[in-house]
Amino acid sequence: SRISESRVQRKAPRLQFPSTIMAAVEDGPGMCFLSWKYSHYFSFVLEKDRNIVVNCTLCGGSKTLSTSKTSNSYLMKHLQKQHASTNLVEKEPVVGDSSSVDAIPAKQRKLDFGQPAAQSITQPQLHRLIARYVVEDMKPISTVESHAFRQLISHIPVRGRAGKAPSRKIFSSFLDQEYANMESELKNTLDMVEYISTTADIWTVHNKSFLGVTAHWINAQNMKREKAALACRRFMGRHTYDSIASELDNINSSHGLSFKITSTVTDNGSNFVKAFKVYQPAPESDDSESEEDGVTFVSIGDVLQNAADDADYAISLPPHQRCASHTMNLISCTDVEKWLLSEAATKTIYRSATTKCAGLWNKASRSTVAAEIVDDIIAKKLLVPCTTRWNSFYYALERISKIPVVELNTISSTLRLKCFNEREHQCIREYCAVMKPLTVALDILQGEDHCFYGTLLPTLESLMTKTLAIKNACTFTVSLLQAVKTRFAHVLGSEDALLAAVILPKFKLRTSATNTTQHAGSSKEDEFFSFEENEDIYATAEGEVAEYLKSGATGLDSLNHFPMIKKLSLKLNAATPSSAPVERLFSLGNLILTPKRNKLTDHKFEKLLLLRYNRWFDGTRVE
């Protein structure tokens, strides 16, 4: 290979070449001969213009050969023809020997500043990385048997050998062991928590029913909300209240939570409501004990018989809390619509407007041509209501209310549907104006990380305040207010709900929602909570309560300075206002239990779902 002149000049002072050779080297091209692997069979004679003259040592005598400075092909042909019987041996470059003409400077090693060298890992670490990919992305376990996947894994360097994906059987056993480790660590974590709340619901999919339970608590060290999925078990048979109670009690006791749960949040289903009503523990009696200690003798046979008959009474469930989001959804979908259809002044116009909207939704969702027509006219898609999505009906009507009547009727006429008149469009706009505060409240109560039981009462008060503000503009605000007061009567009159709100720094003085130091949240939520200042509240508070109320901090971690209030907040605010977390658990389950995975066993499904929901493999580290 050719060496540049600058490099030769840099390396030349380290070698002592004869003057004739140095002249050739300084010109640059002569170095091609010196670095040639068979140059030791020739001796350099002189330089002649662009050529050099050498003498073949194998031929002997004074015969010379002339070759180009930039090519050794002529000399190679000479060796192949004249010395074909000679076993040619490549020379080894002599590094650092300045007395030799054949001394060639050592070639500098090139440094690669591109990608760093791959870091090798152990086989157990590789298994965890594969498990994280399969569990987090909800892939089938059979992925490890894919030829393309195994080929990909083979390029991952493992200490001592190439990476190798485990077989399906070994990988399944590995997931079972990781699930056992997760269960053990979860139980250890829950043992150290004093107050815990749970959410529960039943999910039916592919002709199967599953009972899901999630746990929620506040970390006493950093005062942050934490959660975990406890179970998503197959629920066999009818969904009767006693079966639900038995399974819930079994899940609670298996995790050691029978006496730690402050409340369990469920929807308003009659079976759940009755289960908690029947199997609530009896309140402790305040009657004083008799002064005389009496001894009563009973037959052991009667004791065993009564124990067998009263087995059901061993079940004990924690206090019940109805889902606030589900209750608000009942107000928006049932109570308000019932009032609108009961009044003669609103029945006709409301039914006519919603019927025409339903026609648009059906056309746009079932026909690609209709969807293209809508997109061409308004450059948007129509939102279609979904019965399982809260607020979906409101958002669908809101989208239509923002479309001008002219464009809306253009769409309707193009699709051969009845057009909207001004009264119908006005009815839709009024409906959205009245229902907007309720939808904002419902979205707030569906939160997890920054939503506590103490958020419920301020949310209801703000909802009623904002609804009263538009009372004169719309006709059915009175019915909405009445529905809120009726459905949430147990909350509006609850001392625990009031106390839970007070010991949340965000709502302690009912004015801190406008404080600029409020924790990060949506502007919609900040705007929703706006209360009038009342300086007379808590005027007689003393000690720690007084100092707490004077504090301007709004973060939950500020309770670390008030131990008694902190302990009370850990208990009352452990619960979430809604059962939305368990609904999110089922949403993940729907992505795992697909029709193509119909051979997945119930136990394996539960393990994969809980590993995913609890983010067990998120902490994978390659060291």
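Here the structure is shown first, and the text comes after it.
I will try to describe carefully the structure that is included in this document. (Residues numbered from 1 in each chain as written. Predicted model: local features only at pLDDT ≥ 70, side-chain atom pairs only at ≥ 80, totals over all residues. Heavy atoms only, no water.)

A word on the overall build of the chain
Thought 1: Counting its regular elements, the chain contains 25 helices and ten strands.
Thought 2: A total of 623 residues make up the chain; the buried ones form 43% of that total.
Thought 3: Once local pairs closer than 6 in sequence are excluded, the contacts in the chain between residues at least 24 apart make up 69%.
Thought 4: Surface summary for the chain: the accessible area is close to 35,200 Å², and the carbon and sulfur share equals 51%. (Helix = DSSP H or I, 4+ residues; strand = E, 2+ residues; numbered from the N terminus. Buried < 20%, exposed > 50% of the residue type's maximum accessible area, 1.4 Å probe, protein only. Contact = heavy atoms within 4.5 Å. Areas by Shrake-Rupley, 256 points an atom, 1.4 Å probe, with all protein chains shown as cover.)

Description of helix α12 (residues 344-366)
Side chains that are three or four residues apart share a direction in an α-helix, a result of its 3.6 residues per turn.
Thought 1: Taking 1.5 Å per residue as the helical rise, α12 with its 23 residues ought to reach 33 Å, and the 33 Å between its terminal C-alpha atoms agrees with that figure.
Thought 2: Within α12 the residues assigned to the buried category are Thr-346, Ile-349, Tyr-350, Ala-353, Thr-354, Lys-356, Cys-357, Gly-359, Leu-360, Trp-361 and Ala-364.
Thought 3: Where α12 is buried, its residues touch α11 (324-342), α13 (368-378), α14 (392-401), α15 (405-414) and α16 (422-445). (Expected span 1.5 Å × (residues − 1).)

Some details on the environment of Phe-174
Thought 1: Examined against the element boundaries, Phe-174 turns out to sit in helix α7 (residues 168-191).
Thought 2: On the basis of relative accessible area, Phe-174 is assigned to the buried category, the value being 16%.
Thought 3: Here the alpha-carbon distance between Phe-174 and Pro-124, two residues 50 residues apart in the chain, equals 9.7 Å.
Thought 4: With residues near it in sequence (within four places) discarded, Phe-174 still touches His-127, Arg-128 and Ala-131.

Structural notes on the nonpolar core
Thought 1: Within the largest apolar cluster, 67 residues are counted, with the highest numbers of intra-cluster contacts made by Leu-382 and Phe-488.
Thought 2: With ten residues, the single largest contributor to this core is α16.
Thought 3: Taken domain by domain, the makeup of this core includes at least three residues from each of domain 2 (177-282 + 314-322 + 579-614) and domain 3 (326-503).
Thought 4: In this structure Leu-382 touches Leu-360, Trp-361, Ala-364, Val-374, Arg-399, Ile-400 and Ile-403, once residues within four positions along its chain are discounted. (Core = buried A, V, L, I, M, F, W, Y, C linked by side-chain atoms within 4.5 Å. Domains from an automatic or database assignment.)

Things to note about the packing of aromatic side chains
Any two aromatic rings considered together are summarised by their centre-to-centre distance and by the angle between their planes.
Thought 1: By the definition in use, this model includes 15 aromatic pairs.
Thought 2: Centroid distance Phe-171 to Phe-174: 6.5 Å. Interplanar angle 20 degrees. Geometry classified as stacked. Note that Phe-171 and Phe-174 are positioned in helix α7 at a spacing of three residues, about one turn of the helix. When sorted by exposure, Phe-171 lands in the same class as Phe-174, which is buried.
Thought 3: Taken together, Trp-36, Tyr-38, Tyr-41 and Phe-42 form an aromatic cluster joined through their ring pairs.
Thought 4: For Lys-356, the ring lying beneath its charged end belongs to Phe-420, and the centroid distance is 6.0 Å. (Phe/Tyr/Trp six-rings, centres within 6.5 Å; stacked < 30°, edge-to-face > 60°. Lys NZ or Arg CZ within 6 Å of the ring centre and 35° of its normal.)

A closer look at the packing of α13 against α15
Thought 1: Close contact between α13 and α15 brings their axes to 10 Å; oriented N to C, the two are set at 155 degrees. As judged from the angle between their axes, α13 and α15 are roughly antiparallel. Between α13 and α15 lies a crossing whose hand is right-handed. On α15, the residues that touch Ile-373, Val-374, Ile-377 and Ile-378 of α13 are Glu-407, Thr-410, Ile-411 and Thr-414.
Thought 2: Tallied by class, the residues present in the contact of α13 with α15 amount to five nonpolar, two polar and one charged. (Axes fitted to C-alpha atoms, helices over the stretch in contact; angles between N-to-C directions. Parallel < 35°, antiparallel > 145°, perpendicular 65-115°, else oblique. Left-handed = near helix turned anticlockwise from the far one by under 90°. Nonpolar A, V, L, I, M, F, W, Y, C, P; charged D, E, K, R; others polar.)

Things to note about the sheet that holds strand β7 (residues 208-218)
Through backbone hydrogen bonds, the strands of a sheet pair up, either in parallel or in antiparallel fashion.
Thought 1: Within the open sheet, the five strands sit side by side as β8-β7-β6-β9-β10. Their pairing is mixed. Looking along the sheet, the strands with just one partner apiece sit at the ends: β8 (225-234) and β10 (320-322). Strand-to-strand twist of the sheet, defined as the mean angle between neighbouring strand axes without regard to direction, takes the value 25 degrees.
Thought 2: Pairing of strand β9 (residues 261-266) with β10, which is carried by three bridges, proceeds in the parallel orientation. Bridging from a neighbouring strand, Val-265 pairs with Gln-321 of β10.
Thought 3: The strands touched by helix α24 (residues 580-592) within the sheet are β6 (196-205), β7 and β8, with β6 carrying the most contacts at an inclination of about 40 degrees. (Pairing = 2+ DSSP bridges.)

Considering the pairing of β7
Thought 1: Most of β7 is tucked away: ten of the eleven residues are buried.
Thought 2: Examined bridge by bridge, β7 and β8 share nine bridges and lie antiparallel to one another. Residue pairing for β8: Ala-215 is matched across the bridge by Ala-228.
Thought 3: Taken together, β7 and the strand that follows it, β8, pair antiparallel across an intervening segment of six residues, in which Met-223 is found at a positive phi of about 55 degrees.

Focus: the side chain of Ser-401
Thought 1: Residue placement: Ser-401 occurs in helix α14.
Thought 2: At a separation of 2.7 Å, a polar atom in the side chain of Ser-401 contacts the main-chain carbonyl oxygen of Glu-398.
Thought 3: Ser-401 has contacts with His-425, Ile-428, Arg-429 and Cys-432, leaving out every residue within four places of it along the chain. (Polar contact = N/O pair within 3.5 Å; in protein donor to acceptor, adjacent residues only side chain to side chain.)

Section: the sheet that holds strand β1 (residues 42-48)
Thought 1: Spatial ordering of the open sheet is given by β1-β2-β3, a layout of three strands whose pairing is antiparallel. With one partner strand each, in any of the chains shown, β1 and β3 (64-68) form the two edges of the open sheet. Sheet twist, expressed as the mean angle between neighbouring strand axes with direction ignored, is 30 degrees.
Thought 2: The sheet contact formed by β1 and strand β2 (residues 51-56) spans six bridges and is antiparallel. The partner of Glu-47 across the bridge, within β2, is Ile-52.

Side note on the environment of Glu-226
Thought 1: When you line up the elements, Glu-226 lands in strand β8.
Thought 2: Taking the relative accessible area as the measure of exposure, Glu-226 reaches 25% and is therefore partly exposed.
Thought 3: Each C-alpha atom, one on Glu-226 and one on Glu-448, is 8.9 Å from the other, the two residues being 222 residues apart in sequence.
Thought 4: Leaving out residues up to four positions away in the same chain, Glu-226 has contacts with Ala-215, His-216, Trp-217 and Asn-219.
Thought 5: Among the polar contacts made by the side chain of Glu-226, one reaches the side chain of Asn-219 at a distance of 2.7 Å.

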